[in-house]
Amino acid sequence: MTTVLKLGGSVITEKDVPEKVDDEALRMAAATLADHEDLAVVHGGGSFGHHHADRHGVTTTEGTHDAAAIRDIHGAMTRLNAVVVEALVEAGVAALPVHPLSVARRDAEATLTFPTGGVHAMLSEGFVPVLHGDGVVHADRGTTVLSGDELVVHLAEGLDADRVGVCSAVEGVYDGSGAVIDRIDSFEAVADTLDGSDATDVSGGMAGKVRALLGLDAPTQVFDLDGLEAFLEGGEPGTHIG
Ligand code: IPE
C-alpha cells in the first residue's frame, strides 16, 4: 500500500522570507509521519526554491544554460531537503534524501523522464525516500524547474501508488465563496474559481496543482497540516481530486 505524500513548500517554510524553515510545522509533519510505512515523501520549494528561480527567471518552461543559476536553485533545495530529512530522522523515520536533478530529464516536448527504480527499492527496504522540487535538465532549454507536484504525479504513476496526498497551506481547494470543494473531477469545472498563489510561485499555485493531479489513477487528496493525520490514517480530509 504505497502512499506518495507531498509536503508543500508553504507548509514547511515561511514562504515570504527567503530560506526560512517553519520549524514548528516541519516538526509536526515529521511527528505525524513517524508511524506510517511505505511512504514516499516529496517536498516543495517554498522560500528556498522559488526565490532563487524567480531571481534567475527560471520557471517550469523558461530554462537557463547558466550553471551557476541552476546550482543556486538546486543548492537551496538540497539545503531544505537536508533540514526535512533531519526532522524526519529526529522523529524516528528512516528517511533518505533523493535529488531529482541528478537523474531526471525533460525532452524537447517537455515530457519528464524520472527513473523510479531507486525510489521503489528504497521503499522495499523499509526506507522513506525524501525527494524535492528541483531543477531538471531540459532538451534545448538548459535547465527548467521541476515542481514537486509534477514529481508527485510522476512518482505516483511510476510506483503504482495506492494513494496520493498533497499537504498544502490551505485546508483544501476553495470554491468562489471560500468553502472547501469536496471533490473535483474536471479542471473546467473549477478553472474560474482557482486563483494563483499569493507568494512567489514559479509552478502555478493551486490551479497548476489541480491540473497536474487530475491525471492520476490513484485517489488524491489535498489538505492542510491539520488533515495530515486523517489522510495517513486512510481518511479523506480536504478536497478529493480525480
Ligand atoms: C518548486 O517546487 C521547486 C523549485 C522552485 C525549485 P513546488 O512548486 O512543488 O514548491 P511549492 O510546494 O509550491 O513551494
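Rules used in this analysis
- As a convention, each chain's residues are numbered from 1 in the sequence order in which they are written.
- At least 70 in pLDDT is required for a residue's local features to be given in this predicted model, at least 80 for side-chain atom pairs to be given and counted, and no such filter applies to totals for whole chains, interfaces and linings, which use all residues.
- The side-chain figures draw on all heavy atoms in the structure; neither hydrogens nor water molecules are used.
- Note on aromatic pairs: the rings of Phe, Tyr and Trp (six-membered ring only in Trp) are paired at centre separations within 6.5 Å, and the planes decide the class, stacked below 30 degrees, edge-to-face beyond 60, tilted for the rest.
- Burial classes: relative accessible area under 20% of the type maximum marks a residue as buried, over 50% as exposed, and values in between as partly exposed (1.4 Å probe, protein chains only).
- A ring is scored as having a charge over it whenever the NZ atom of a lysine or the CZ atom of an arginine sits within 6 Å of its centre and within 35 degrees of its normal.
- Here the rule is simple: two strands pair whenever DSSP picks up at least two bridges between them.
- Strands here mean DSSP runs of E at least two residues long; helices mean DSSP runs of H or I at least four residues long; both are numbered from the N terminus.
- Axes, fitted as lines to C-alpha atoms, cover a helix only where it is in contact. Angles between the N-to-C directions of the axes lie from 0 to 180 degrees.
- Note that the term roughly parallel is reserved for angles under 35 degrees, roughly antiparallel for angles over 145, roughly perpendicular for angles of 65 to 115, and oblique for everything else.
- The contact rule is simple, with two residues in contact once any of their heavy atoms fall within 4.5 Å.
- When residues are grouped by polarity, Ala, Val, Leu, Ile, Met, Phe, Trp, Tyr, Cys and Pro land in nonpolar, Asp, Glu, Lys and Arg in charged, and all others, Gly among them, in polar.
- Definition of a polar contact: a pair of N or O atoms within 3.5 Å, with one able to donate and the other able to accept a hydrogen when the atoms are protein atoms, and with sequence-neighbouring residues admitted only if both atoms are side-chain atoms.

Caption draft 1: Just the packing of aromatic side chains, in detail. This model, assessed by the stated rule, comprises one aromatic pair. Ring geometry for phenylalanine 223 versus phenylalanine 231: centroids 4.9 Å apart, planes at 25 degrees, classification stacked. As far as burial versus exposure is concerned, phenylalanine 223 and phenylalanine 231 are alike and both buried. The cationic tip of arginine 163 hangs over the ring face of phenylalanine 231; the distance from NZ or CZ to the ring centre is 4.1 Å. For arginine 211, the ring lying beneath its charged end belongs to phenylalanine 187, and the centroid distance is 4.0 Å.

Caption draft 2: Spatial organisation of the sheet that holds strand S4 (residues 105-106). Read from one edge of the open sheet, four strands run S5-S4-S7-S8, paired in mixed fashion. A strand with exactly one partner marks an edge of an open sheet, and here the two such strands are strand S5 (112-113) and strand S8 (142-146).

Caption draft 3: Inspection of the pairing of strand S2 (residues 39-43) at higher detail. Burial within S2 is extensive, with five of its five residues counted as buried. Neither face of S2 is left uncovered, since the one carrying Leu39, Val41 and His43 and the one carrying Ala40 and Val42 both have all their residues buried. As paired elements, strand S1 (residues 3-7) and S2 share five bridges and run parallel to each other. The residue of S2 that forms the bridge with lysine 6 is valine 42. When S2 meets strand S6 (residues 128-132), the two strands line up parallel, connected through three bridges.

Caption draft 4: Molecular detail of the packing of helix H3 (residues 46-55) against helix H4 (residues 67-90). At a minimum axis separation of 8 Å, H3 and H4 run at an interaxial angle of 175 degrees. On the basis of their axis angle, the class for H3 and H4 is roughly antiparallel. Facing H3, whose interface residues are Phe48, Gly49, His52, Ala53 and Arg55, H4 presents Asp72, Ile73, Ala76, Met77, Arg79 and Leu80. Taken together, the residues that form the contact of H3 with H4 break down as six nonpolar, two polar and three charged.

Caption draft 5: Focus on the side chain of threonine 239. Mapped onto the elements of the fold, threonine 239 is located in strand S12 (residues 239-241). A residue is classified by how much of its surface remains accessible, and threonine 239, at 0% relative accessible area, is buried. Engagement of the side chain of threonine 239 in a polar contact is seen with the backbone nitrogen of valine 173, the distance being 2.8 Å. Those residues within four positions of threonine 239 in sequence are excluded, and the remaining contacts are Gly172, Val173, Val180, Ile181, Asp182, Arg183, Ile184, Thr220, Gln221 and Val222.

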